[in-house]
Amino acid sequence: MQLFYTRVRLCVILLFGSLLLHSQDASFLTQTVDDNFDGPAGICVSDINNDNHNDIICAGLSANSIAWWQNQGGLPLEWKKQIIAEDFGGAIYVSAGDIDGDGLTDVLGAAFDDHELAWWRNDGGDSIEWTKYEIKQSFTNAHEIMPIDIDNDNDMDVIGVSAGLSTILWFENDGNFPVDWTEHTIVTNFGGARSVDAKDIDGDGDIDLAGAALSDHEIAWWRNDGGSPINWTKITINSTFTWAHKVQIVDMDKDGKQDILGTAFGNGLSWWKNDGVDTVIWTKQFVSYLNSAVIGWAIDTDNDDDMDIVCSAQDASELVMWENNGETPINWTYELIDNLSGAWPLDYGDLDNDGDIDLVCGGNSANEIRWYENDLLTNIHNNNEKLYNKIDMTFIPNPAHENVSIRFSKKVNFPISINIYNISGKLLSTQTIISEFELIDISQLSNGIYTISTNVNGKVEREKFIVN
């Protein structure tokens, strides 16, 4: 296996007590997961076998299949490929979640050529067996599928995006097994619909949606107005975002309000700042032009408690990032991470369990999957007690259900901001606490393992807790 370093100039000044270290470069160590998987088009990072190691799932557009690569640990990491589904024509997207509530991670897929949405039940065992269940057929050019508990009834619903029908639907899980789905329409005229995301945008406690429409060049959101079935109000955010392809709901500026990050094949990347109080008001913030930008994610790559951006560019065959300088307004520092032919599917998560976020990208033309080890030097010092005096966080209770509180092993300066991530490293929410034992609302989290990250007295701390 060939390994090579792509140096990313992320200068991090580390101050530990009275000791000032010299600026250090973080780097990404680029490693091959599989160099013979035809046409990777969708990638998801998730712990499939509940061994506390994140695995990789990928949809092969040309392979017409979905596979997963078991993270077997080691240095470097070793991967074991296992097939989930074959004859899934034009497999273009994968995601993961516990659909049937049995505590095991199931897999969901969209088939562009077979016009189908489906899920595969994880039947457990040392060598996992998978049972396929259809969700929707005749869903022309199915493009994306996402699990989310939309109606807050503690079971996993599904959102599906059809590029051919310009449609977004959600499928209500009846909570039984086998699962019966009730189909609900969100929109049917969202031209060339490509992407959807779900989160509480307006702060009223329910799940709203955002989407990207390729041929309509549009980014929009749908306000959840409640009711049974749920009523949705569409609000256009931007209608000139050329060949809009991907959308993410994320608090970009850490002000406690959910913003929108958009990726467009013809426009590059922009984000829309949520300036609203009672009414959401959007202000566009341009990030950068990038030829053939496909998938963009806002994540904290350097553990400095602000949102950087990583993005794949298909025709440019590039994986790039923009470092957030932490100022207001945000300025971005561009870096090329890698050249990968047909760079397209992109996801992230902590693959080597070292406390920072790694990347996984697929080269659709190269028929290759690579992972990028985030080699932050801060992690070396975090394990050296002479240089880093760790502040332990204890969660009460743990496991938790509705609320959780934090006890710190040393005095901390309040208020502090906390970030809650799922097991794949995706940011779910940001909250501010003003004292120890303040109750943190986790009622919208499904059962599973989560991480709380916070900047305590100038140091980033991360600990895991369980929701049951």
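Higher on the page you've got the structure.
The following refers to the structure shown. As the structure is a computational prediction, the values presented were derived from the model and not from experiment.

### Examining the overall build of the chain
Here comes step 1: A count of helical and extended segments in the chain gives one helix and 38 strands.
Here comes step 2: Against the 2.2 N^0.38 benchmark of 23 Å for 468 residues, the chain shows a C-alpha radius of gyration of 21 Å, consistent with a compact globule.
Here comes step 3: In terms of principal-axis extent, the alpha carbons of the chain reach across some 65 × 50 × 50 Å.
Here comes step 4: Put simply, the chain has 468 residues, and 57% of those count as buried.
Here comes step 5: Across the chain, every contact between residues at least 6 apart in sequence was considered, and the portion connecting residues at least 24 apart equals 46%.
Here comes step 6: Summing over all exposed atoms, the chain offers an accessible surface of approximately 18600 Å²; the carbon and sulfur share of this is 45%.

### Some thoughts on the pairing of strand S33 (residues 403–408)
Here comes step 1: Pairing geometry for strand S32 (residues 393–396) and S33, over four bridges, is antiparallel. Its bridge partner being in S33, phenylalanine 395 is matched across the sheet by isoleucine 406.
Here comes step 2: The antiparallel hairpin formed by S32 and S33 contains six residues in its connecting segment.
Here comes step 3: As paired strands, S33 and strand S36 (residues 440–441) are joined by two bridges and run antiparallel to one another. Residue pairing in the sheet places asparagine 403 in a bridge with aspartate 441 of S36.

### A look at the sheet that holds S33
Here comes step 1: Spatially, three strands are ordered S32-S33-S36 in an open sheet, and the strand pairing comes out antiparallel. Of all the strands in the sheet, the pair left with one neighbour each is S32 and S36.

### Quick notes on the packing of aromatic side chains
Here comes step 1: Summed over the entire model, instances satisfying the criterion amount to 13 aromatic pairs.
Here comes step 2: With centroids separated by 6.4 Å and ring planes inclined at 70 degrees, the aromatic side chains of tryptophan 221 and tryptophan 282 adopt a geometry described as edge-to-face. Taken together, the positions of tryptophan 221 in strand S19 (residues 218–224) and tryptophan 282 in strand S24 (residues 282–288) put the pair 61 residues apart, joining distant regions of the chain.
Here comes step 3: Classification of tryptophan 221 as buried rests on a relative accessible area of 2%.
Here comes step 4: Judged by its relative accessible area of 16%, tryptophan 282 falls in the buried class.

### Some points on the pattern of salt bridges
Here comes step 1: In total, this model carries 15 salt bridges according to the counting rule given.
Here comes step 2: Taking the shortest distance from any N to any O, the salt bridge between aspartate 123 and arginine 121 comes out at 2.7 Å.
Here comes step 3: Relative accessible area serves as the criterion here: at 32%, aspartate 123 is assigned to the partly exposed category.
Here comes step 4: Measuring nitrogen to oxygen at the nearest pair gives 2.6 Å for the salt bridge that ties aspartate 338 to arginine 370. Taken together, the residues span a long stretch of sequence, with aspartate 338 in strand S28 (residues 332–339) and arginine 370 in strand S31 (residues 368–374) at a distance of 32 residues.

### Description of the side chain of asparagine 374
Here comes step 1: Examined against the element boundaries, asparagine 374 turns out to sit in strand S31.
Here comes step 2: Taking relative accessible area as the criterion, asparagine 374 reaches 1% and is therefore assigned buried.
Here comes step 3: Filtering out sequence-adjacent residues up to four positions away, asparagine 374 remains in contact with Ser27, Phe28, Thr301, Asp354, Asp356, Ile357 and Asp358.

### Examining unusual backbone geometry
A negative phi holds for most residues other than glycine; trans holds for most peptide bonds.
Here comes step 1: Along the chain, phenylalanine 177 connects to proline 178 via a cis peptide bond; the corresponding omega equals 0 degrees.
Here comes step 2: A cis amide bond links isoleucine 396 with the next residue in sequence, proline 397, at an omega value of -10 degrees.
Here comes step 3: Here the phi dihedral of tryptophan 243 falls at roughly 60 degrees; this positive angle occurs in a residue that is not glycine.
Here comes step 4: Here tryptophan 243 lies in the loop between strand S20 (232–238) and strand S21 (244–250).
Here comes step 5: The class for tryptophan 243 is partly exposed, based on a relative accessible area of 39%.

### A short note on the sheet that holds S21
In any sheet, the strands associate via hydrogen bonds between backbone groups, in a parallel or an antiparallel arrangement.
Here comes step 1: If you trace the four strands from one edge of the open sheet to the other, you get S21-S22-S23-S24, paired in antiparallel fashion. Each of the sheet's edge strands pairs with one partner strand only, and the pair in question is S21 and S24. With strand direction ignored, the average angle separating the axes of adjacent strands in the sheet is 20 degrees.
Here comes step 2: Taken together, the six bridges between strand S23 (residues 268–274) and S24 define a ladder with antiparallel strand orientation. Bridge pairing links leucine 269 to serine 288 in S24.

### Here's the deal with a negative patch on the surface
Here comes step 1: On the surface, a cluster of negative charge is made up of Glu86, Asp87, Asp113 and Asp114.
Here comes step 2: Among the secondary structure elements, aspartate 113 is positioned in the loop between strand S10 (106–111) and strand S11 (116–122).

### Regarding the environment of tryptophan 120
Here comes step 1: Of note, tryptophan 120 is situated in strand S11.
Here comes step 2: With a relative accessible area of 3%, tryptophan 120 lands in the buried category.
Here comes step 3: For the pair tryptophan 120 and glycine 109, spaced eleven residues apart in sequence, the C-alpha separation works out to 8.3 Å.
Here comes step 4: Look past the residues within four positions of tryptophan 120 in its chain and what remains in contact with it is Ile66, Ile84, Ala85, Phe88, Asp106, Val107, Leu108, Gly109, Trp130, Thr131 and Lys132.

How each quantity is defined
- Residues numbered from 1 in each chain as written.
- Predicted model: local features only at pLDDT ≥ 70, side-chain atom pairs only at ≥ 80, totals over all residues.
- Heavy atoms only, no water.
- Helix = DSSP H or I, 4+ residues; strand = E, 2+ residues; numbered from the N terminus.
- Rg over C-alpha atoms; globule rule 2.2 N^0.38 Å.
- Buried < 20%, exposed > 50% of the residue type's maximum accessible area, 1.4 Å probe, protein only.
- Contact = heavy atoms within 4.5 Å.
- Areas by Shrake-Rupley, 256 points an atom, 1.4 Å probe, with all protein chains shown as cover.
- Pairing = 2+ DSSP bridges.
- Phe/Tyr/Trp six-rings, centres within 6.5 Å; stacked < 30°, edge-to-face > 60°.
- Salt bridge = Lys/Arg side-chain N within 4 Å of Asp/Glu carboxyl O.
- Axes fitted to C-alpha atoms, helices over the stretch in contact; angles between N-to-C directions.
- Patch = residues over 30% accessible without salt bridge, like charges linked within 9 Å, V, L, I, M, F, W, Y side chains within 5 Å.
- Lys, Arg positive; Asp, Glu negative; His and termini not counted.
- Charge placed at Lys NZ, Arg CZ, Asp CG, Glu CD.

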